[in-house]
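# Coordinates in review
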Amino acid sequence: MTTLIYCLLALILIYGLYISSRVARSTKSAADFLDANSALPSWILLFCLPGLVAVGLGLERQLMLIGQFGLQANHVSVGIVLAAITAMLVWNRFWLISRIFGTITPTDALGVYYKSEALRVIMLVLTLLFALPFTANILSSTAELMEKASFGIVPRSANIWLFSFALAVTAIVGGWRGVIFSVSMQSILLAVLIPAITLVVELVSDGPGFPYVPIVVAEGVLWDKIPGVIQNASGIGKSIPSAGIYTTVGIASSIIALLGIVLSPIALYLAQTVRSGNCLGISAVWTTGGVLSGIFLLALPVLVVRLSGSWVELSTKLFDFAPLAAGGFLLLHILGSLVLVSFFVTGGVILLIKDLIALYIFPSLSADRRRLSVRIGLGFTFFFVATLASFAP
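First things first, this report covers the structure right here in the doc. (Residues numbered from 1 in each chain as written. Predicted model: local features only at pLDDT ≥ 70, side-chain atom pairs only at ≥ 80, totals over all residues. Heavy atoms only, no water.)

## Some thoughts on the pattern of salt bridges
Under the definition given, this model contains six salt bridges. Salt-bridge contacts for Arg120 lead to Glu117; the nearest nitrogen and oxygen are separated by 3.5 Å. With Arg120 and Glu117 both in helix α8 (residues 117-149) and three residues apart, this pair spans about one turn of that helix. On the accessibility criterion, Arg120 (11% relative accessible area) is buried. Among the salt bridges present, the one from Arg306 reaches Glu202, with a minimum N-O distance of 2.8 Å. (Salt bridge = Lys/Arg side-chain N within 4 Å of Asp/Glu carboxyl O. Helix = DSSP H or I, 4+ residues; strand = E, 2+ residues; numbered from the N terminus. Buried < 20%, exposed > 50% of the residue type's maximum accessible area, 1.4 Å probe, protein only.)

## Digging into a nonpolar patch on the surface
Taken together, the side chains of Leu96, Ile100, Phe101, Val112, Tyr113 and Tyr114 present a nonpolar region at the surface, about 610 Å² in accessible area. Broken down by secondary-structure element, the contributors of at least two residues to the nonpolar patch are α6 (79-101) and α7 (106-114). Locating Leu96 in the fold gives a position in helix α6. According to the relative accessible area criterion, Leu96 is partly exposed, its value standing at 46%. (Patch = residues over 30% accessible without salt bridge, like charges linked within 9 Å, V, L, I, M, F, W, Y side chains within 5 Å. Areas by Shrake-Rupley, 256 points an atom, 1.4 Å probe, with all protein chains shown as cover.)

## Some remarks on the layout of surface pockets
Considering only enclosed or pocket space, the largest pocket measures out at about 870 Å³ in volume. Forming the walls of the largest pocket are 39 residues, and the residues nearest its centre are Ala54, Val55, Gly56, Leu57 and Gly58. When residues of the lining of the largest pocket are traced back to their parent elements, those giving at least two are α3 (45-57), α4 (59-69), α8, α9 (156-204), α10 (248-262), α12 (280-306) and α14 (323-361). Per element, the largest residue contribution to the lining of the largest pocket is eight residues, and it comes from α3. Residues that form the lining of the largest pocket fall into these classes: 25 nonpolar, 12 polar and two charged. (1 Å grid on protein atoms, 1.4 Å probe; cavity = no way out; pocket = protein on both sides within 12 Å on 5 of 7 lines; lining within 4 Å. Points joined across faces, edges and corners; volume = space filled by probe spheres on them. Nonpolar A, V, L, I, M, F, W, Y, C, P; charged D, E, K, R; others polar.)

## Describing the environment of Ser342
Locating Ser342 in the fold gives a position in helix α14. Separated by 305 residues in the primary sequence, Ser342 and Asn37 have C-alpha atoms spaced 20 Å apart. Sequence-distant contacts of Ser342, defined by excluding residues within four places in its chain, comprise Leu167 and Val179. (Contact = heavy atoms within 4.5 Å.)

## Some points on empty space enclosed by the protein
Counted by the stated rule, this structure contains two cavities of 30 Å³ or more. Lining of the largest cavity is provided by Ile12, Leu13, Gly16, Ala166, Leu167, Thr170, Ser182, Val183, Gln186 and Ser342. No other element matches α9, which puts six residues into the lining of the largest cavity. Its residues assigned to classes, the lining of the largest cavity comprises five nonpolar, five polar and no charged. If you add up the space inside the second largest cavity, you get close to 40 Å³.

## Looking at the packing of α3 against α10
With their axes 9 Å apart at the nearest point, α3 and α10 run at an angle of 135 degrees to one another. Viewed along their axes, α3 and α10 adopt a mutual orientation that is oblique. Crossing handedness for the pair α3 and α10: right-handed. When α3 is examined against α10, the residues Leu49, Leu52, Val53, Gly56 and Leu57 are found in contact with a partner set consisting of Leu258, Ile261 and Val262. In terms of residue class, the contact of α3 with α10 is built from seven nonpolar, one polar and no charged. (Axes fitted to C-alpha atoms, helices over the stretch in contact; angles between N-to-C directions. Parallel < 35°, antiparallel > 145°, perpendicular 65-115°, else oblique. Left-handed = near helix turned anticlockwise from the far one by under 90°.)

## What to know about the packing of aromatic side chains
By the definition in use, this model includes 13 aromatic pairs. When the centroid spacing of 5.4 Å and the interplanar angle of 65 degrees are considered together, the rings of Phe130 and Phe134 count as edge-to-face. With Phe130 and Phe134 both in helix α8 and four residues apart, this pair spans about one turn of that helix. On the basis of relative accessibility, which here comes to 16%, the residue Phe130 falls in the buried class. Look at Trp176 and Phe343: their rings are 5.7 Å apart centre to centre, the planes differ by 40 degrees, and that puts the pair in the tilted class. You can see Trp176 sitting in helix α9 and its partner Phe343 sitting in helix α14, a full 167 residues away along the chain. Here Trp176 and Phe343 have matching classes, each one buried. It is Arg375 that lies over the ring of Phe33; its NZ or CZ is 4.5 Å from the centre. (Phe/Tyr/Trp six-rings, centres within 6.5 Å; stacked < 30°, edge-to-face > 60°. Lys NZ or Arg CZ within 6 Å of the ring centre and 35° of its normal.)

## What about α3?
With 13 residues, α3 extends 18 Å from end C-alpha to end C-alpha; this agrees with the ideal 18 Å at 1.5 Å per step. Across the 13 residues that make up α3, a large majority, 10, are buried. Looking one or two residues beyond α3, the residue adopting positive phi is Gly58, at roughly 85 degrees. (Expected span 1.5 Å × (residues − 1).)

## Here's the deal with the side chain of Ser293
Take Ser293: it is sitting in helix α12. Here the side chain of Ser293 touches Gly290 through a polar contact of 3.3 Å, landing on its backbone oxygen. The contacts of Ser293, once residues within four sequence positions are left out, are Ser77, Ile80, Val81 and Thr288. (Polar contact = N/O pair within 3.5 Å; in protein donor to acceptor, adjacent residues only side chain to side chain.)

What follows is the structure in structure tokens.
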């Protein structure tokens, strides 16, 4: 199974590199590398928005929480609809502001619109947080998952550097346009894999499944209902409410955290570099709020009931019946994290070069030198993120 999962990952990463190389060959100017010349096709939002929301919610984390708290944790998936509404309201306005004021980045847009240098600093700090510690944490947890999937054959540190190198080459070759096209491809793959793997798991499993079989949780935890509006506890890490943590307030706070993904500076940068926002409404209403939320709400409980011990045990069981299904199930836990790392590191470096280096430190940099600076910055940043993921707890 270890060989299969690494072969599938290699195919996906090589295909992403192929897309980036094709994009690089068609690049006519340095602006195409830095911001796609603000002309990304609008249909890209049909796949990027649901992909970012899905990986922001976290499939592996969501499966774990549903297995621990039942359907009360599954209600967090309703936040996908609110994330789609937020994107539709905010992304459209950022796109319009960028066209009216001639701004390309969210930092520049807020700074010009509100005439505030403080907002520029805040946006740059948020960009750093998403590009460095956030992605390092995601990369570390993904490498740990791969170590478990390979039964310890490939250690966590080796997975970290393997992923970092593959993602860095893709970003350095294709730039912003290449990474966005790769993210779109991987988002499509995730949207197909979740219902497909759920169907295969049901076909190869014995006995009845969800909803005939309840989700097994700890004694006292309400697996099939929300435990009230709010519950008192002694504090984080001190005690857990007996009925479960996903009260109405708990669900709302989790959804607010999810909104941070679509309101992050890099996500807003994506909205500004699209040619037009014609497909944003369709993406928010149908592919994100409709299809994606439906997949998460309906498919995840079915998978959780079949997780007899852990996702590693289920993948081993699947491998005996359908090896590709087992590999696809493991990809579901890994692919989304790689999408986040590639998207946030690449976008973060571009924003920092454009809004900090090229604006304040070296304002006379030509477009070609900015492109070179971004490539050097991508190499250093991926190296730093890999180092941080390897040694930080």
